[in-house]
Amino acid sequence: MEHLQSNPFYEKYAKKLKDMLEFSKDEFNSRLASLLEEKKLEMKDSSKEKEFEKIPQNSQDTLNSLLNIDCIEEKSAKDIAFIWKKYFENKDSVYAIIPAEEYRELSVKTKEFPLFVYPLPRGEGYEFFVQLWNSEVCHFTPLSSYQIHKENAPVCLSLKHYTELAADKDIVLMVGTPDMNILSVQESQLLALQVKLYYGIHSALKFNHVRVFNNSPSTFDYRALITEFENYKRDVKSKQESS
């Protein structure tokens with residue numbers, strides 16, 4: 001698994017992140033959920049199909065190294081989305097097809113504020129994960145791990161966004177494979193969803209949490225993110241019950 005110390009982006013922001021989190025370390029630690037659960041799940045092997053080759057571990061690889069561009073250049077965005085979904089839906093991966101317009105706005109925001117944290121439910125409480133963006137890749141590492149290992153904390157999930165089809169097909173393809181010893185696929189999906197909620201085209205007031213975290217860390221309230229997550233779960237449940 002890739003380590004933060006090998007990522008220039010992490011080295012660039014390591015001190016800033018440390019300063020941002022250190023002010024409330026004792027208070028924040030008291031809210032952390034229990035230590036990471038031990039999971040001994042093996043990754044499923046990726047079989048080779050016509051349109052795909054083995055997924056590269058290097059997050060900087062281009063779409064052409066993953067997807068056979070020659071096989072899809074005449075296909076519609078809808079067809080490409082179907083191929084992408086069918087290939088990954090039964091694999092231990094997080095994937096998405098993002099409208100290019102939505103990704104452009106998300107990209108502007110993440111370039112301005114690449115750092116943020118997200119809560120994930122663990123047991124009876126929550127555990128926080130640090131987000132760091134580097135170009136088109138969104139990396140995650142547990143905050144508790146970062147506090148122990150600093151810039152050497154392991155990356156547990158990297159979401160790679162492929163923008164090569166944005167101009168012609170108006171879509172951006174995203175995929176990431178979690179470290180299953182730390183994150184399940186479902187938990188990884190929750191992290192990816194929260195990126196959309198806080199940075200996406202409909203983020204609205206939620207993006208203010210990102211601004212405060214980066215611009216005024218001493219006033220940032222981690223509990224507000226848990227409240228936002230609880231509200232989201234309640235809204236989803238309400239919609240499911242009414243449908």
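Conventions and cut-offs
- Residues numbered from 1 in each chain as written.
- Predicted model: local features only at pLDDT ≥ 70, side-chain atom pairs only at ≥ 80, totals over all residues.
- Heavy atoms only, no water.
- Helix = DSSP H or I, 4+ residues; strand = E, 2+ residues; numbered from the N terminus.
- Expected span 1.5 Å × (residues − 1).
- Buried < 20%, exposed > 50% of the residue type's maximum accessible area, 1.4 Å probe, protein only.
- Phe/Tyr/Trp six-rings, centres within 6.5 Å; stacked < 30°, edge-to-face > 60°.
- Pairing = 2+ DSSP bridges.
- Axes fitted to C-alpha atoms, helices over the stretch in contact; angles between N-to-C directions.
- Contact = heavy atoms within 4.5 Å.

Asker: In this structure, what is going on with helix α5 (residues 100-112)? I would like to understand it.
Answerer: Within an α-helix, residues lying three or four positions from one another point in the same direction, as the helix has 3.6 residues per turn. Between the first and last C-alpha of α5 there are 19 Å, a value that for 13 residues agrees with the 18 Å anticipated at 1.5 Å per step. Turning to α5, its buried residues are Ala 100, Tyr 103, Leu 106, Ser 107, Lys 109 and Thr 110.

Asker: Please clarify how the packing of aromatic side chains should be interpreted in this entry.
Answerer: Any pair of aromatic rings gets described here by the distance separating the centres and the angle formed by the planes. One pass over the full model with this rule turns up 17 aromatic pairs. Plain terms: the ring middles of Phe 116 and Phe 220 are 6.2 Å apart, the flat faces sit at 75° to each other, and that makes the pair edge-to-face. Taken together, the residues Phe 116 in strand β2 (residues 115-122) and Phe 220 in the loop between α9 (207-215) and α10 (222-242) connect sequence positions 104 residues apart. Judged by relative accessible area, which is 8%, Phe 220 ranks as buried. Taking the centre distance of 5.1 Å and the plane angle of 75° together, the rings of Phe 213 and Phe 220 count as edge-to-face. Among the aromatic residues, those joined into a ring-pair cluster are Phe 113, Phe 116, Tyr 118, Phe 128, Phe 140, Tyr 198, Tyr 199, Phe 207, Phe 213, Phe 220 and Tyr 222.

Asker: What should I look at first to understand the sheet that holds strand β4 (residues 137-142) in this one?
Answerer: Reading across from one edge, β1-β6-β5-β4-β3-β2 is the order of the six strands in this open sheet, with antiparallel pairing throughout. Each end of this open sheet is capped by a strand with a single partner; those strands are β1 (94-99) and β2. For this sheet, the mean angle separating the axes of adjacent strands, direction not counted, is 20°. Pairing of β4 with strand β5 (residues 157-162), which is carried by four bridges, proceeds in the antiparallel orientation. Bridge pairing in β5 places Val 137 opposite Lys 160. Where α5 meets the sheet, its contacts fall on β1, β3 (125-134), β5 and β6 (171-176), and the angle it forms with β1 comes to roughly 105°.

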